[in-house]
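The lines below spell out each chain.
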Amino acid sequence: MIKQDDQFKKVISHAKEYGYVFQSSEIYDGLSAVYDYAQNGVELKKNIRDYWWKAMVQMHDNIVGIDAAIFMHPTTWKASGHVDAFSDPLIDNKDSKKRYRADVLIEDYCAKIENKIDKEVIKAEKRFGEAFNKEEFLSTNGRVLAYQEKIDTILKRLGKSLENEDLADVKALIEELEIADPLSGSKNWTDVKQFNLMFDTKLGASAESAMDLYLRPETAQGIFVNFLNVQKTGRMKIPFGIAQTGKAFRNEIVARQFIFRMREFEQMEMQFFIKPGTQKEWFDYWKETRLKWHKSLGMGDDNYRFHDHEKLAHYADAATDIEFKFPFGFKELEGIHSRTDFDLKQHEDYSGKKLQYFDHEDNASYTPYVLETSIGLDRMFLAVFSNSLVEEELENNTTRTVLKLPAVLAPTKAAVFPLVKKDGLPEVAKQIVDDLKWSFNVFYDEKDAVGKRYRRQDAVGTPFCITVDHDTLNDNTVTIRHRDTMEQKRVKIAELKNIIDAEVSFKSWLSTI
Ligand code: GAP
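Okay, so let's go over this structure. Computed from a predicted structure; not experimentally measured. (Residues numbered from 1 in each chain as written. Predicted model: local features only at pLDDT ≥ 70, side-chain atom pairs only at ≥ 80, totals over all residues. Heavy atoms only, no water.)

What follows covers the overall build of the protein. Helices and strands together make up the secondary structure of the protein, namely 18 helices and 23 strands. The C-alpha atoms of the protein give a radius of gyration of 26 Å, which matches the 24 Å a tight globule of 513 residues would have. Principal-axis analysis of the C-alpha atoms gives the protein an extent of 75 × 60 × 55 Å. A buried classification covers 50% of the 513 residues belonging to the protein. Considering only contacts within the protein whose residues lie at least 6 apart along the sequence, 66% involve residues at least 24 apart. Here the protein has roughly 25,800 Å² of accessible surface; of this, 50% comes from carbon and sulfur atoms. One finds the centroid of the 73 positive side-chain charges in the protein at a distance of 2 Å from the centroid of its 84 negative side-chain charges. (Helix = DSSP H or I, 4+ residues; strand = E, 2+ residues; numbered from the N terminus. Rg over C-alpha atoms; globule rule 2.2 N^0.38 Å. Buried < 20%, exposed > 50% of the residue type's maximum accessible area, 1.4 Å probe, protein only. Contact = heavy atoms within 4.5 Å. Areas by Shrake-Rupley, 256 points an atom, 1.4 Å probe, with all protein chains shown as cover. Lys, Arg positive; Asp, Glu negative; His and termini not counted. Charge placed at Lys NZ, Arg CZ, Asp CG, Glu CD.)

Now for the pattern of salt bridges. Following the criterion strictly, the structure yields 40 salt bridges and no others. As a salt-bridge pair, Lys45 and Glu266 come within 3.4 Å of each other at their nearest N and O atoms. Of this pair, Lys45 sits in helix 2 (residues 39-58) while Glu266 sits in strand 10 (residues 264-274), placing them 221 residues apart in sequence. Owing to a relative accessible area of 8%, Lys45 belongs among the buried residues under this scheme. On the accessibility criterion, Glu266 (6% relative accessible area) is buried. Of the charged contacts in the structure, one is a salt bridge between Arg481 and Asp458, with a shortest N-O distance of 3.1 Å. Placement of Arg481 in strand 22 (residues 477-482) and of Asp458 in helix 15 (residues 450-460) is noted, with a sequence separation of 23 residues between them. For the pair shown, Arg481 and Asp458 are each scored as buried. One salt-bridge network, held together by shared partners, links Glu392, Arg400, Lys404, Arg455, Asp458 and Arg481. (Salt bridge = Lys/Arg side-chain N within 4 Å of Asp/Glu carboxyl O.)

This part is about the pairing of strand 13 (residues 329-340). Among the 12 residues that make up strand 13, 10 are buried, leaving the element largely enclosed by the rest of the structure. In this structure, strand 12 (residues 318-326) lies alongside strand 13, joined through nine bridges in antiparallel fashion. Its bridge partner lying in strand 13, Ala318 is registered against Ser338. Taken together, strand 12 and the strand that follows it, strand 13, pair antiparallel across an intervening segment of two residues. In this structure, strand 13 lies alongside strand 16 (residues 369-376), joined through six bridges in antiparallel fashion. (Pairing = 2+ DSSP bridges.)

As structure tokens, then:
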């Protein structure tokens, strides 16, 4: 079995080698936790964004999109609570001088206990074979129950201390659990302090007239401040949603783990405006709907789980994360938050403008409640990319590296090869490229033996390879090879578009759920 760390290193190097993700400003030794998307990465990222946008906006009559500016009036962030409360608890190690998020140190400690549970499951699976019932084992095995209780107790205490701003207790917990600096092993810690995550900048040419601004730490506020504009100009009736994708910025204390936690990243958020009192029902609806969206990509149902929050953000009355099994364990991929009327009320107070909805049925005005779904595009990229990268043993005792991206998300849908670089085959292959490129991203390659060309496309994640050979000249047929099964079929050139479309279209993926 490949160790988690090794698998993750492979993911990072594969992303670079095959033109998906580069370190930002690499020639200057890079910038910590900032990344650039390369020629294939930008396509995968765009396809994930489209898959989200179509599912949320195109498929819902009552959800519309906007694209608000990154710069917002600074009072926005006073009103939203970010100036006062958007901070993480940090702790320094006095010996290594390294800085950590105190809550993450504790959560990582719990993740190690969780690994022990996983190991117990694997052992029991081997022992009981076919008769093994995982659910029953998890709910009855003494050792597992003790581990789980330990995790629950620790996380409950952490949640409570953070909620009460009791940072001394967070430090006490780190000391009681004897958590050491992961790099140096030292347990010599400073006190825990709060650190605001917003980046600030200035707007204006002269020092005297410049205005202090923040780079937005979430896209959501651009939706709240436009709530009434959209509602009125779109004649939207509650319940309705406003969706947005765009950059957000956070001065993360610890930004390791590649594109999992970045300082500049992209969010895909949707705020759903509802009648007060209906939030529980909509919370359940969006939990189910978002999980279905994830599952539609066929990345393994067991790789997802919900994690309900013990500690609620300052704006929420309920919150859950959809967690995904990344190469370094289950971590948050998407948040679903019941934000009450907190944001609209705060913006009403700070702006002095009414942000209410007039309900014609009830003949009354109210401040809507909000259900939010918020997913990091880069994090989704990492989930898709890491889950797709596999080393496969082949029958002839060789291996192949294949990036089994969901075909709907793959940057290039098909590669077209002439078998040889002569006899008119390149011309036919190029004609096929010219015809298909109206519908899909396609790639032409005539270099090296066909087997080698197949391997290159496997590694880059292209779902189909099409080979033009001498028979093509007589009967207008080509060989089409499927990336995952490696199955090859002879088909008519005229059928190619429909064959590819059936496997890569948005409908064929999203309608499976
Ligand atoms: N508007 C709510 C909000 O921003 P959040 O839980 O702080 O909630 C939502 O962020 C999502 O944004 C997360 O689930 C994660 O996918 C992504 N995200 C947050 N911080 C990130 C970071 N530093 N780097 C990459 N993605 C991040």
